[in-house]
Structures are given as C-alpha cells and as structure tokens.
Amino acid sequence: MAATAQTVSPNAVWPFLPPAAELLRAANRFRRLIACLPQHAVPQPDTAGLPAAAAARWHQAFSSVSLEAASLFRHLIDGCELWLFPPQAAAHLNDYFSDGLCWQDTPIPQQPAAAVKPWFRPPPPITPHRIAVIGAGIAGAACARVLAEHGIGVTVWEAGKAAHAASGNRQGLLYAKISPHPTEQTELLLGAYGHTRRALTRLLPDDDTWQPCGVLHLNHNAAETRRNAALGRQTHHRHLYYPVDGAAACRLAGIDGLSDGLFWPQGAWLHPPALIRALLDHPLITLSEHTPLQTAGYRNGLWHLSAPQNRLTASHIIFCTGADSPQIPLLQHLPWQLIRGQTNLAPADARSSALKTALSGASYISPAWQGVHCFGATFHPHNNDRRLHPADTAANLHDLSALYPDLAGRLKINDLARGHAAVRCDSPDHLPTVGPVGNAAAMRHTYARLADDKNLPLQTECPYLPGIWVSSGHGSRGLTTALWCAEALAADLLGLPNPLSPRLRAALHPNRHPVRAIVRR
C-alpha cells in the first residue's frame, strides 16, 4: 500500500530494498526510510537514473553492509536517514521505532517491542542546553560530531592535546577481529566496521592519512586457523571477509612468505589524529585543549564544570576519558581495566615498500606511509605506564619476525627508537561501556532484591545520575567501535531511534556492571 500526502508517520518502510529513485521521492515526505532485506545477501542498489558520481557513492556505501546488525546511512540522502535491516530483524522493527511504520508495500507482521529491564531503559530525555564532552580521543570526537550533526552545541574539554593518548597511534587498523559465533561482540564489531568504513570515505575523501588497502589476518596459531576457517565458511559476509591461501595472501600483499588467512578487502590503515581532527571540524563543536576537568557540580538542573582557566555550564556531561576513567568520581563504581600497549616505527626500504596490505597476526604492521612502517603492539594488563620501553621494542621486533621475517631481519633495535606508548581502557567483559550512568548507591537500594532472585520482575524506574553519560572501555577496538557507539549514545540521549539491537544496548549499558555486582552480592 502506498503512502499518502496526509501521512504523518516519520517512517516509510519497505519489505525489500526499493530502487534509489523511489527512495529519493519518498525522502520528500518522510524523515526515515527503512528497508528490510529479504535474504542474507549483500544488497545491490538499483541506481538507475542517478548521476554516475551519485550511483558510485551508493554502491560504495552498500559494499560494507553488515548482515548481523542494522546499517544506518545518515548522509546518503539529503535531509533523510536510510536504515537497512537484516532478515532476522525484519519482524522486530518495533524494537527500533516507536513512532509508527508506514508500509510502502506488503507489510511484514511485527512482533511487540521486546521488554526492557528498568535499569536498561534510557532516562527521560532532558532538553539539551549545551553538552560537555570530556576527552578528545576517538570516542569523544565521535560523540561530539554526532550530536553536532543533530544540531546540538558541544564543548569538548581535553586535559592535554586532542588525539594524544590512546588515539595518538601513528597508524591503526580498521577491521573486525570477530568470533564465528553470533555473539554480542561480533554483532557490534561488524555493524561498527561498516559504519566507520563509510565515515572514512565521507570525512577524509582523497586524503593520504588513510588507505583502503585491505587487511590480511594470518593464521599464526592453531586457534586462529580454526577461527578463520569457520569465518571463511560464512559466505553471506563474503563481501566483508573471505579466506585466502598462502599464495593468494602473497599476491595481495605484494611480498613472499605469508601463510593462509582471512582477507578483509575493505579494511584500512588510518592515522587516528586525522580522523579525530575531521570529526571535530564542525561549527557547533568548541574544542578546548589543555583543559583538565577539576570539578563538576549539579545545581538548578545544570552541571557547572570548572577547569584551571575555564568555566562551563551544561545540561549533560559525556565522559570519553579512556584510561583516565577510573579517576573520575562519577565513574569510579564501574570496573575499568587498564592495558598498556606500545607500537614502534621502522624505516621503509625498497623491499618493504612493496607491502600493499596491512598484515595482522599476533601483531600487526601497516604499509609504509611517508617512508615509515608502524608495527606492534604489546599488551600489558593492569599497567598504566605511558613511556616507551626498550623491552617492548624488542618484543615488537620479535613478533614482527613471525609476521614479516624479511623486514624484521633487516632491522636493528637502534632503528626503532620512535614509537607510541599508551594505556587503553577496557571492561571485564571486553565490551565498551556506553550510555547513561546510574546512581550506583541508589541502585543498590532500589534493586537489592536481585541478590536473592536475579530474574525478579522489578519495574521500579532506575535512579540515574542526571545528565551523566559515558563512552569508554573501547580497548584496542576504538577505531572500529567509537563512531557506531556514538550514534547509539546520541539516539538515547535525544530520544531518537537507537540503531543497536535490544540485546546489544543491554550488553553495552553502563548499568550492567552495578546490576551484576548486586546479583553477585
């Protein structure tokens, strides 16, 4: 059935992907266009009638679609969002949209929205006054950008320099190291990978600070061989990754001596500071560097923040503080884990310059950029030392010997004096912590009975800290996950549809930690 001019629903829905021309016509009457994929296959958009450049943009955007999660395109159609859902989500659109569905063809019968436990329900939206983001790494820059694109003024306070801490690596890799099983982390990483890959094309067009060179994840031990083989049998994601033997790996990489593995053709290396600068380049974003947060007090419905030479009043605070999160009083009840990592830089030569793809195994190495390779990284849990260590340099060189022995054999320790050491922040379950922050003391009282029965059907609304949100604990996966998580955070903060599935919203929610503590006494 077709929509009429009197339709007031903001959501037009198709049980398939219609031609681009039909979507463009509908964009004049709807805020969101929703297409449900009828099968597990990468969609091929019908771009007949579009100019060549526009058609190419559509095909490029659809080439990184995940079939495990929703895909959100906010910049493909001017003034309108396009949502794409995999087959398993087609009957569950009520989990995403509460403001009505206007079907443009035969409707798919819908299930009622999934029940949400009270400690995972977002707090009632507060009309934003100005939003303070604390931290100008990849998570903070992503949150600031998404909110600014929704028309919200954002002030970003950074204690040091933007993109200086864990986001300051010279070359990081964009791909998704996933399980072959449909876990929450697999769903998150595949959805986030495609979203970030599309963002790179939009934010850094024709820029030499990133390269869509592909990533080869090599079989470096028995466990990785089994995992990559299982992923290689999942043909519905063949557009995102596929298995290669040693000969094919060598052809793709342009070097000899590589093992079998899994190739991510749209994988990339990127210079994280360049992406962060691009994200922060928006007229509604104000960046203040060398502005460490000293105090935050809540009075008369607003937060009053102070730094040595700054003052700020905001309706919301979003903490994107990475390894500094354990030092934030409002976040200290959350179980952060700190992990030190170090990468090193090596000069490229005529032979190593032939490397065409990034290589990943027990460690990684990027193709040369400006005559230098970046490789590593070490992994030291419960270590917050940010200095470069010769022992870690030696460890990185040892791991490089297994990954790319030809280059490692020509390097000496004194060639590797430069590098980057940083402390990453993770959570015990290795998922980011993203969303509104509950009042832990009040939650212990409100939900104390969960200690006796974790399945007790409590419905008491969650006591949240007013206007306090967080996006942290991204670990070594922040380049992949931060932008996608920023979309989810902004959606809940502003009362908009959240692109994450209900199970993933619960899996990332900050309140999962205090509730687990209550259940486990």
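Structure first, text after, so check above.
Predicted model, so just to flag it, every value in this text is computed and none were measured.

Helices and strands together make up the secondary structure of the chain, namely 13 helices and 26 strands. In summary, the chain has a C-alpha radius of gyration of 23 Å against a globular reference of 24 Å for 521 residues, a match within 12%. For the C-alpha atoms alone, the extent of the chain along its principal axes is close to 70 × 55 × 50 Å. Taking all 521 residues of the chain together, the buried fraction comes to 57%.

Time to look at the sheet that holds strand 13 (residues 268-270). Read from one edge to the other, the open sheet built from three strands follows the order 8-13-9, with strand pairing classed as antiparallel. Every other strand in the sheet has two partners, leaving strand 8 (172-174) and strand 9 (210-211) as the edge strands with one partner each. Bridge analysis of strand 8 against strand 13 gives three bridges, and the strand direction is antiparallel. Within strand 13, the residue paired with Gly172 across the bridge is Leu270. Sheet strands in contact with helix 4 (residues 184-203) are strand 8, strand 9 and strand 13, and its direction is about 115 degrees off that of strand 8.

Take the state of the cysteines next. What the rule picks out here adds up to zero disulfides. For Cys80, which is in no disulfide, the shortest distance to another cysteine sulfur is to Cys102 and amounts to 13 Å. Judged by relative accessible area, which is 3%, Cys80 ranks as buried. The cysteine Cys213 is free of any disulfide, with Cys374 supplying the nearest cysteine sulfur at 13 Å. For Cys213, a relative accessible area of 10% gives the class buried.

Locating Val156 in the fold gives a position in strand 7 (residues 154-157). The spatial distance from the C-alpha of Val156 to the C-alpha of Thr291 is 9.2 Å, given a sequence separation of 135 residues. In contact with Val156, not counting residues within four places along its chain, are Val133, Gly135, Ala136, Ala144, Leu280, Ile285, Thr286, Leu287 and Ser288.

A word on the pattern of salt bridges. Any two side chains of opposite charge can pair if their charged atoms end up close together. Summed over all chains, the structure comprises 20 salt bridges. In this structure, Asp99 engages Arg31 in a salt bridge whose closest nitrogen and oxygen atoms are separated by 3.9 Å. Placement of the pair is Asp99 in the loop between strand 4 (80-85) and strand 5 (102-103) and Arg31 in the loop between helix 1 (20-26) and strand 2 (32-36), with a sequence separation of 68 residues. Arg32 is the salt-bridge partner of Asp99, the closest N and O atoms lying 3.0 Å from each other. Here Asp99, found in the loop between strand 4 and strand 5, pairs with Arg32, found in strand 2; they are 67 residues apart in sequence, far enough to count as distant. Classification of Asp99 as partly exposed rests on a relative accessible area of 30%. Through salt bridges with shared partners, a single ionic network connects Arg74, Arg145, Glu149, Arg202 and Glu487.

Here the focus is the pairing of strand 6 (residues 131-134). Taking every second residue as pointing to the same face, both faces of strand 6 are buried, with Ile131 and Val133 on one and Ala132 and Ile134 on the other. By the bridge criterion, four bridges tie strand 6 to strand 7 in an arrangement that is parallel. Paired with Val133 across the strands is Val156, a residue of strand 7. Running through helix 3 (residues 138-149), the crossover from strand 6 to the neighbouring parallel element strand 7 is right-handed. Note: strand 6 against strand 18 (residues 316-319), four bridges, orientation parallel. Following the sheet pairing, Ile131 is matched in strand 18 by His316.

The amide bond that connects Gly376 to the next residue, Ala377, takes the cis arrangement and shows omega of 10 degrees. Note that Ala377 resides in the loop between strand 22 (372-376) and strand 23 (380-381). Of note, His290 is a non-glycine position whose phi angle comes to about 55 degrees, a positive value. Tracing the backbone shows His290 in the loop between strand 14 (285-288) and strand 15 (295-299). Under the relative-accessibility criterion, His290 is labelled exposed at 55%.

A word on helix 2 (residues 52-62). Those residues of helix 2 that sit buried are Ala54, Ala55, Trp58, Ala61 and Phe62. With its buried residues spanning 130 degrees around the axis, helix 2 presents them on a single face. Turned more than 90 degrees off the buried face of helix 2, the exposed positions are Ala52 and Ala53.

Attention now goes to the side chain of Gln104. Inspection of the secondary structure puts Gln104 in the loop between strand 5 and strand 6. Taking the relative accessible area as the measure of exposure, Gln104 reaches 13% and is therefore buried. At 2.8 Å, the side chain of Gln104 forms a polar contact with the backbone oxygen of Cys102.

How each quantity is defined
- Residues numbered from 1 in each chain as written.
- Predicted model: local features only at pLDDT ≥ 70, side-chain atom pairs only at ≥ 80, totals over all residues.
- Heavy atoms only, no water.
- Helix = DSSP H or I, 4+ residues; strand = E, 2+ residues; numbered from the N terminus.
- Rg over C-alpha atoms; globule rule 2.2 N^0.38 Å.
- Buried < 20%, exposed > 50% of the residue type's maximum accessible area, 1.4 Å probe, protein only.
- Pairing = 2+ DSSP bridges.
- Contact = heavy atoms within 4.5 Å.
- Axes fitted to C-alpha atoms, helices over the stretch in contact; angles between N-to-C directions.
- Disulfide = S-S within 2.5 Å.
- Salt bridge = Lys/Arg side-chain N within 4 Å of Asp/Glu carboxyl O.
- Right-handed = clockwise from strand over helix to strand, strands pointing away.
- Arc of directions from axis to C-beta.
- Polar contact = N/O pair within 3.5 Å; in protein donor to acceptor, adjacent residues only side chain to side chain.

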